[in-house]
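# Observations on the model geometry
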Amino acid sequence: MDRSADAAGVLEHSDVGAQKNRVVTEEEWLQKWEMHNIGFHKEQGHPFLQKYLDVLLSGRSGLRIFFPLCGKAVDMKWPADMGHCVVGVEVSEQALKEFFAEHSLPYSEEPVLEIPGAKKLQSTSGNISLYCCSIYDLSSSIVGKFDGFWDRGALVAVNPCDRQRYASLMISLMEENSSYLLVTVSYDPNKHKGPPFYVPESEIKSLFGSHCEIKRLEEVDDFSERPRQWGLDYFLKVLYLLKLVS
């Protein structure tokens with residue numbers, strides 16, 4: 001197996017094992033929520049977002065912040081409580097309803113006319129709007145563009161064959177001065193089929209580099225019982241900041 005260390009010392013695997021052709025269907029994700037098999041959900045706010053929120057906000061107020069593949073992420077409530085407008089998208093209606101219920105937030109539902117079968121769940125306060133549909137059905141004409149992105153558990157959950165499509169969509173939703181925080185995971189992809197999928201820095205540069213300046217902010221050792229059960233011997237989380245190149 002060919003492995004090379006990038007500038008920051010993280011081992012990159014040129015051989016991604018069986019992950020390249022791995023596909024997780026929409027039905028499988030829905031079943032995970034139905035069976036409450038959601039080890040990817042975090043009950044507490046993400047320490048990266050807590051530490052780097054100022055980088056995301058850049059001192060600005062009244063921002064529109066996008067949470068792709070949001071699930072019922074507790075992180076969504078924090079910027080909303082600060083007066084920002086939060087927009088998320090998630091295929092599981094159950095996840096979205098659990099978010100509102102667990103935070104005791106009243107909400108209303110309405111169809112998304114541009115997307116057959118889709119609906120929008122919006123807090124009564126108006127500053128949390130969560131779309132229940134495939135992320136690939138969204139466009140800037142439907143949801144507008146965003147000043148900030150929190151991509152934790154999104155790119156790493158997207159099927160590898162769909163990454164270019166996903167990245168192109170994210171770039172199309174970025175405002176000119178947008179700050180995009182991206183969390184990836186690093187491990188030996190020959191030992192775990194994913195998700196979360198291994199996304200090396202070289203691929204992030206391939207996906208976003210022609211439109212964005214990419215800066216690695218931090219990496220942390222996140223090895224715990226869950227990756228140990230997957231048969232891994234190390235598991236890192238890596239945080240990047242993406243900014244559109246003008």
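Structure's up top.
Counting restarts for each chain, with residues numbered from 1 along the sequence as it is written. Reporting in this predicted model follows two pLDDT cut-offs: at least 70 for local features of residues, and 80 or more for side-chain atom pairs to be given and counted; totals over whole chains, interfaces and linings ignore these cut-offs and use all residues. Hydrogens and water molecules were not included; the side-chain quantities draw on all heavy atoms of the structure.

## Some thoughts on the nonpolar core
- Only buried Ala, Val, Leu, Ile, Met, Phe, Trp, Tyr and Cys residues count toward a nonpolar core, and they belong to the same one when joined by side-chain atoms within 4.5 Å. Buried means the residue's accessible area, taken with a 1.4 Å probe over protein chains only, is under 20% of the maximum for its type, while exposed means over 50%, and partly exposed covers the values in between. With 40 residues, the main nonpolar core has Phe 66, Tyr 131, Leu 138, Met 170, Tyr 180 and Phe 208 as its most contacted residues.
- Those elements giving two or more residues to this core turn out to be strand E4 (85–90), helix H5 (140–143), strand E8 (146–152), helix H6 (163–172), strand E9 (174–186), helix H7 (201–208) and strand E11 (236–244).
- Counting residues per element, this core draws most heavily on H6, which supplies five residues.
- The contact criterion used is simple: two residues touch if any of their non-hydrogen atoms lie within 4.5 Å. If sequence neighbours within four positions are ignored, Phe 66 has contacts with Val 87, Gly 88, Val 89, Leu 138, Phe 146, Gly 148, Phe 149, Trp 150, Met 170 and Leu 173.
- Among the nonpolar cores identified, the runner-up in size contains 26 residues, and Phe 48, Leu 63, Leu 130 and Leu 181 belong to it. The way it works is that DSSP assigns letters per residue, a run of H or I at least four long becomes a helix, a run of E at least two long becomes a strand, and they are numbered from the N terminus.

## Brief notes about the packing of aromatic side chains
- In this scheme Phe, Tyr and Trp rings, the latter by its six-membered ring, pair at centre separations within 6.5 Å, and the angle between planes marks the pair as stacked below 30 degrees, edge-to-face above 60, and tilted otherwise. Under the criterion given, the structure shown has eleven aromatic pairs.
- Between the aromatic rings of Phe 146 and Phe 149, the centroid separation amounts to 6.0 Å while the plane-to-plane angle is 80°, which identifies the pairing as edge-to-face. Each member of the pair, Phe 146 as well as Phe 149, is classed as buried.
- Grouped by ring-pair contacts, the aromatic residues Phe 66, Phe 146, Phe 149, Tyr 180 and Phe 208 constitute a single cluster.
- Over the aromatic face of Trp 29 sits the side chain of Lys 32, whose NZ or CZ is 5.6 Å from the ring centroid.
- Charges are assigned to positions over rings by a cutoff of 6 Å between ring centre and Lys NZ or Arg CZ, combined with an angular limit of 35 degrees from the ring normal. Taking the ring centre of Tyr 136 as reference, the NZ or CZ of Arg 165 above it sits at 4.2 Å.

## As for unusual backbone geometry
- Each neighbour pair has its own omega, and for Gly 194 with Pro 195 the value is -5°, a cis peptide bond.
- Within the secondary structure layout, Pro 195 lies in the loop between E9 and H7.
- Cis geometry marks the peptide bond from Pro 195 to Pro 196; its omega dihedral reads 0°.
- Residue placement: Pro 196 occurs in the loop between E9 and H7.
- Positive phi outside glycine occurs at Ser 104, with the angle close to 50°.
- Mapped onto the fold, Ser 104 is located in the loop between helix H4 (93–102) and strand E5 (107–111).

## Description of the side chain of Lys 237
- Considering the arrangement of structural elements, one finds Lys 237 in strand E11.
- Look at Lys 237 and you get buried, because its relative accessible area is 10%.
- The term polar contact refers here to a pair of N or O atoms within 3.5 Å; inside protein, the definition further demands a hydrogen-donor-capable atom paired with an acceptor-capable atom, and it admits residues adjacent in sequence only when both atoms are side-chain atoms. Separated by 3.3 Å, the side chains of Lys 237 and Asp 222 make a polar contact.
- Residues contacting Lys 237, with those up to four places away along its chain left out, are Lys 42, His 46, Phe 48, Arg 152, Val 183, Thr 184, Val 185, Glu 218, Glu 219, Val 220 and Asp 222.

## Considerations on the pairing of E8
- Counting buried residues along E8, six of its seven residues qualify, which places the element largely inside the surrounding structure.
- Of the strand pairs in this sheet, E8 and E9 are connected by six bridges, and their pairing is parallel. The partner of Phe 149 across the bridge, within E9, is Tyr 180.
- A clockwise course of the path from the first strand over the helix to the second, judged with the strands pointing away from the viewer, identifies a crossover as right-handed. Chirality of the crossover, the property in question, places the unit of E8, H6 and E9 among those that are right-handed. Any two strands with at least two DSSP bridges between them are considered paired.

## Structural notes on the environment of Ile 142
- The residue Ile 142 is located in helix H5 in this model.
- Given the relative accessible area of 17%, Ile 142 is considered buried.
- Spatially, the C-alpha atom of Ile 142 lies 10 Å from that of Tyr 131, the residues being eleven residues apart in sequence.
- The contacts of Ile 142, once residues within four sequence positions are left out, are Val 112, Glu 114, Ile 115, Tyr 131 and Asp 137.

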